[in-house]
Amino acid sequence: MSSDLAIRFEGVGKEYHVGAAQSGGSSSYQSAAERLAGAVRHPLRTARGFVRRPPSETFWALRDVSFDVQRGEVVGVIGRNGAGKSTLLKILSQITRPTTGQIAVYGRVGSLLEVGTGFHPELTGRENVFLNGSIMGMTQREVRSKFDEIVAFSEVERFLDTPVKQYSSGMYTRLAFAVAAHLDPEILVVDEVLAVGDAEFQRKCLGKMQQVAGGGRTVLFVSHNMAAVSKLCHSCVVLSSGSVATHAATEPALSHYMAMTDVDELGKPIAINSPDRLEGELSVEAIGQDGDDWTLELQFKGFNRVPRLGVGVSVAGPDGVTIAKWRPFTTRLSLPTFAGVQRLRFTAPGLLRVLPKGSYTCGVWFAETGVEMLAEVERLARFDAPSSDVHATGVVPLHGTDGFVCTPLQLELG
Amino acid sequence: MPATTSLNRPVDAIRRGDPPAPASTQPEARYLRPSTGWRAINVAELWRYRELFVIFAMRDIKVRYKQTVIGAAWALIQPIAFTVVGVMVFGRAAGVGTDGVEPAFLFYLVSQLPWMLFNTGLQTSSVSLVGAQNMLKKVFFPRLIIPVSAVMVTLIDLMVQFGLVLVVLALLPFLPGTSTFVPPLQVLLLPVAVLWTFVAALSVGLPLAALNVEYRDVRYVVPFITQFAIFAAPVFWPASRLPDAWRPLYGLLPVAGPIEFFRWCLLDTPAHPAMWAVGAISTAVCMAVGLAYFARMEDRFADIV
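Parameters at a glance
Residues numbered from 1 in each chain as written. Chains lettered and ligands numbered in written order. Predicted model: local features only at pLDDT ≥ 70, side-chain atom pairs only at ≥ 80, totals over all residues. Helix = DSSP H or I, 4+ residues; strand = E, 2+ residues; numbered from the N terminus. Rg over C-alpha atoms; globule rule 2.2 N^0.38 Å. Buried ≥ 20, exposed ≤ 12 C-beta atoms within 10 Å, placed from the backbone. Contact = placed C-beta atoms within 7 Å. UniProt positions renumbered as here; feature names shortened; annotations may be inferred. Pairing = 2+ DSSP bridges. Axes fitted to C-alpha atoms, helices over the stretch in contact; angles between N-to-C directions. pLDDT = per-residue confidence, 0-100. Parallel < 35°, antiparallel > 145°, perpendicular 65-115°, else oblique. Left-handed = near helix turned anticlockwise from the far one by under 90°.

1. Side note on the overall build of chain B
Of the regular secondary structure elements, chain B holds 13 helices and one strand. Element order for chain B, N to C, with α for helix and β for strand: α-β-α-α-α-α-α-α-α-α-α-α-α-α. Compactness check: chain B gives a C-alpha radius of gyration of 25 Å against a globular reference of 19 Å for 305 residues, more than 25% above the reference. Dimensions of chain B along its principal axes, counting C-alpha atoms only, are 95 × 45 × 35 Å. A burial count over chain B gives 39% of its 305 residues as buried. The long-range fraction of contacts in chain B, counting pairs at least 24 apart against all pairs at least 6 apart in sequence, stands at 79%.

Shown next, in the form of structure tokens:
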């Protein structure tokens, strides 16, 4: 065994049961009455079920995942929605157990799957710092000794004795992240938490993460933010359908991820699952062009009602760098309250005229009233920007080589 | 470098010019493995997280009476109301007796204390896990802390109610026809009575809390249990009214023993050692079964809640 091993995954698998009740959407448990009704309809099957659990539909969120993380290494975990990233972190954080295999962990794990877990709206900022700190595994003494630092980082000094229900969502997030940022574990596990907050705050979080990573701490970092991953991580594990597709240094891993031909086929439904908040299925009906206009047609099947569900679209280049992002916060585009099937057609007039030639991917995301992100699907579909001879020279600008945007350029001498 | 399956380290380390990892002492390995079914409660882990018991209890206490007008006085409304019902219905109308406790309202008032500790503790602990489902899915700590701290909250109510009892006892000499209250020697055992009631509430609340994670029917079962228990338990009547032969058997009812024991401690009502013994054993067995079931289910909470 290596002396500087931090985490070793050995054949880790996680199986989930998908009951009939679950596919219906919001209810993930069966009441005794439902079981009773089932018993009346299928007496024999139920009788057998008492002896042995009835065969239910299962799926493997993770399958035979093995890799090592060395001490002091900062590892990015990337993959599409449903690739098993969150499950991996949940098992590592001891929230749930693997179905097969084992993980050997050397050192204290601090995990940050969400900021502000356990925050109570009625309690003041000060009280919540202590509460949240303890929930995440700090002792009261540790919280007390870091309290001033936490408060300074959060920039909410003036409101420390105000109940957090009166905080703006930005203040709330800042305070919550501040507590989390002062966890001091040997191994830090971070889920997509940088997606919240404004740009300034995200930059600050990233800085803090960099500081942690630079301090010789072992970090496992899940993110959709490719720029953050390539900045922070030494190496990356690419997950695909629950298995490790690649485990390599960041740059090759990222390019492998980008090249992976797992952009969904048109019409194939993608599950959107943000538990208790948004559940549904998304499928791409068509993606294409209408002159210079770029269009994306989707079908969204919502299983639960979310009032004024904000929708956004993003376009990324072949290297995964986001080129355009229409955030619901700025566009104010939202769906009316509904549960059921709805067809969405996005049009970005003139987009194709300004995109250099290349292969692009687009993604969709959902947010609640434009503030909090509920779900994001990256690399939802691929499209090609046609060669557009904007300069009328026969030489077509290429993505990357000629930048991200192309427009005609005129020269006047005077 | 010893044989590990890490593909990237050498390349990556060279590329970035990382210094070799310091050769400090390797921490002990911890293994995260599939659930083994029936297992023991991890006491060392509970001890490491001991502060969290108090922190959760304090949170609930702080939150409980926020934005209420009379605050903690709410803890007194129910025992006072039930004492009135006891005096009117069970004392005057039914005449079931008070084990010789004079004045009668003292019997009913004191009975409310262990009853409410049990009742409220059972109710809050049984819904505690589902109420904390977001935490169950996002962060690790021993799950046992949630239902236990839920029962701990009711101890605060008990203290407030105990204050009321003390005031009543102090005022007794001023009531016509009553004399100064002299506590019996066994009043020193009162903490044991409280502890027993606490464990009794938990022994029922714990398995119900675990069951509630999978079957929300528990929500509907608990009010039924407590409505049934308020009459089945010796809250408004003394167990000495039962035939002597039945009384030990009656001790099987989880809340019966603690209430009788509590009253004996404070009011010197007749002692029922056989019934208490049966009750203590039944509480211990219930608790052991409850803990075992909880430990078995604990690993799956995050998946099924």
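2. A short note on the UniProt feature "domain: ABC transmembrane type-2" (unreviewed entry) in chain B
Per the UniProt record, "domain: ABC transmembrane type-2" (unreviewed entry) is found at residues 70–297 of chain B. From the first C-alpha to the last, residues 70–297 of chain B spans 40 Å; its make-up is 71% helix and 0% strand.

3. Digging into the sheet that holds strand S4 (residues 100–106) of chain A
Pairing in this open sheet of four strands is antiparallel, and the strands run S2(A)-S1(A)-S4(A)-S1(B) from one edge to the other. Both edges of this open sheet fall to strand S2 (57–70) of chain A together with strand S1 (29–32) of chain B, since each of them pairs with a single strand only. Taking the axes of each pair of neighbouring strands and ignoring which way they run, one obtains an average angle of 20° across the sheet. The sheet contact formed by strand S1 (residues 5–18) of chain A and S2 of chain A spans ten bridges and is antiparallel. Within the sheet, the bridge partner assigned to Tyr16 of chain A lies in S2 of chain A and is Phe59 of chain A. Contacts from helix H4 (residues 85–92) of chain A reach S1, S2 and S4 of chain A together with S1 of chain B within the one sheet, and its direction differs from that of S2 of chain A by about 65°.

4. Structural notes on the UniProt feature "transmembrane region" (unreviewed entry) in chain B
All names here are of chain B. As recorded in UniProt, the feature "transmembrane region" (unreviewed entry) lies at residues 68–93, 113–132, 144–175, 187–208, 220–239 and 274–295. Between the first and last C-alpha atoms of residues 144–175 the distance is 47 Å; the span itself is 84% helix and 0% strand. Regarding residues 187–208, the helix share stands at 86% and the strand share at 0%, and the terminal C-alpha atoms are separated by 32 Å.

5. Describing the pairing of strand S16 (residues 341–348) of chain A
All names here are of chain A. Little of S16 is tucked away, with zero of its eight residues classed as buried. The pairing of strand S12 (residues 293–302) with S16 spans eight bridges and is antiparallel. The partner of Trp294 across the bridge, within S16, is Ala348.

6. Here we look at unusual backbone geometry
Residue Glu102 of chain B is joined to Pro103 of chain B through a cis peptide bond whose omega torsion reads -10°. Looking at where Pro103 of chain B falls in the secondary structure, it is placed in the loop between helix H4 (74–94) and helix H5 (104–131). Positive phi, close to 50°, is recorded for Asp64 of chain A, a residue that is not glycine. Secondary-structure assignment places Asp64 of chain A in strand S2. C-beta crowding within 10 Å serves as the criterion here: with 15 such atoms nearby, Asp64 of chain A is assigned to the partly exposed category.

7. Some words on the confidence of the model for chain A
Residue and element names in this part refer to chain A. The share of residues in chain A with pLDDT of 70 or more is 84%, and the mean pLDDT across the chain is 81. Per-element confidence in chain A ranges from a low mean pLDDT of 38 for helix H1 (residues 20–23) to a high of 93 for S4. Counted against residues more than four places away or in other chains, residues 20–29, with its pLDDT under 50, gives 16 contacts.

8. Quick word on the packing of helix H3 (residues 50–64) of chain B against helix H7 (residues 145–171) of chain B
Residue and element names in this part refer to chain B. In contact at an axis separation of 8 Å, H3 and H7 are set at 55° when each is read in the N-to-C sense. Looking at the two axes, H3 sits oblique to H7. Where H3 crosses over H7, the handedness of that crossing is right-handed. Mapping the contact onto sequence places Leu52, Phe53, Phe56, Ala57, Asp60 and Ile61 in H3 and Ile145, Ile146, Val148, Ser149, Met152, Val153 and Ile156 in H7.

9. Some details on the packing of helix H6 (residues 140–154) of chain A against helix H7 (residues 169–181) of chain A
Residues and elements named next belong to chain A. Across the interface, H6 lies against H7 with an axial gap of 8 Å and an inter-helix angle of 140°. Relative to H7, H6 is oriented oblique. Crossing handedness for the pair H6 and H7: right-handed. Two secondary-structure elements touch here, H6 through Ile150, Phe153 and Ser154 and H7 through Arg174, Leu175, Ala178, Val179 and Ala181.

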